[in-house]
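Secondary and tertiary structure notes
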Amino acid sequence: LPLLVALLRAGTEEGKTNAADAIGTLATDAPTRALILEAGALPLLVALLRASTEQGKAIAAGVIYLLVNDAPTRTLILEAGALPLLVALLSVGTEQGTTNAADAISWLAHDAPT
């Protein structure tokens, strides 16, 4: 995981996209998702969502969707600034990007204060 986060931080665009995809593959259970967050992947995923290729943005949105399962993580994702980027992806992203963004936004709204 540290090597994937390092690649996500300083790799080429393709390397960052591939690292995000691999991190998403690992995000299958709560303990691993916690390790992903502890490793510092969230701000790097948000950065990928902000300035990457369409494929990179779609994958970043998908990984964020996988990480958004519990309330404390939702708060971290919102604080990291992901919501406006996910909303923007809805109108300009690929089909997979818009689907991933919509899924992530729906989970971010889960248990939101009314």
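Presented here is a report on the structure given in the accompanying data block. (Residues numbered from 1 in each chain as written. Predicted model: local features only at pLDDT ≥ 70, side-chain atom pairs only at ≥ 80, totals over all residues. Heavy atoms only, no water.)

Right, let's get into a nonpolar patch on the surface. Taken together, the side chains of Leu78, Leu83, Val87 and Leu90 present a nonpolar region at the surface, about 300 Å² in accessible area. With three residues, helix α7 (residues 82-92) is the single largest residue contributor to the nonpolar patch. (Patch = residues over 30% accessible without salt bridge, like charges linked within 9 Å, V, L, I, M, F, W, Y side chains within 5 Å. Areas by Shrake-Rupley, 256 points an atom, 1.4 Å probe, with all protein chains shown as cover. Salt bridge = Lys/Arg side-chain N within 4 Å of Asp/Glu carboxyl O. Helix = DSSP H or I, 4+ residues; strand = E, 2+ residues; numbered from the N terminus.)

Leu8, Leu45, Leu49, Ile64, Ile77 and Leu86 are the most contacted members of the largest nonpolar core, which has 30 residues in total. Where this core is concerned, the elements lending two or more residues are α1 (2-10), α2 (13-26), α4 (41-50), α5 (54-67), α7 and α8 (95-108). Among the elements that take part in this core, α4 stands out by supplying seven residues, more than any other. Ignoring any residue separated from it by four or fewer positions in sequence, one finds isoleucine 77 in contact with Leu42, Ile64, Leu67, Val68, Ala82 and Leu108. (Core = buried A, V, L, I, M, F, W, Y, C linked by side-chain atoms within 4.5 Å. Buried < 20%, exposed > 50% of the residue type's maximum accessible area, 1.4 Å probe, protein only. Contact = heavy atoms within 4.5 Å.)

Along the polypeptide, leucine 44 turns up in helix α4. The sequence separation of leucine 44 and valine 5 amounts to 39 residues, and the corresponding C-alpha distance is 8.0 Å. The residues contacting leucine 44, other than those within four sequence positions of it, are Val5, Leu8 and Arg9.

Along an α-helix, residues three or four positions apart point the same way, because every turn accommodates 3.6 residues. An ideal rise of 1.5 Å per residue puts 20 Å on 14 residues; α2 measures up with 20 Å between its terminal C-alpha atoms. Looking at α2, one finds that the buried residues are Gly15, Lys16, Thr17, Ala19, Ala20, Ile23 and Gly24. For α2, the elements touching its buried residues are α1, α3 (30-38), α4 and α5. (Expected span 1.5 Å × (residues − 1).)

A few words on the packing of α5 against α8. Running from amino to carboxyl end, α5 crosses α8 at an angle of 25°, the nearest separation of the two axes being 8 Å. It follows that α5 is roughly parallel to α8 by the angle criterion. Crossing hand, α5 versus α8: left-handed. Of α8, the residues touching α5 (which contributes Ala58, Ala61, Gly62, Ile64 and Tyr65) are Gln96, Gly97, Asn100, Ala101, Asp103, Ala104 and Trp107. Looking at the contact of α5 with α8 residue by residue, the classes come out as seven nonpolar, four polar and one charged. (Axes fitted to C-alpha atoms, helices over the stretch in contact; angles between N-to-C directions. Parallel < 35°, antiparallel > 145°, perpendicular 65-115°, else oblique. Left-handed = near helix turned anticlockwise from the far one by under 90°. Nonpolar A, V, L, I, M, F, W, Y, C, P; charged D, E, K, R; others polar.)

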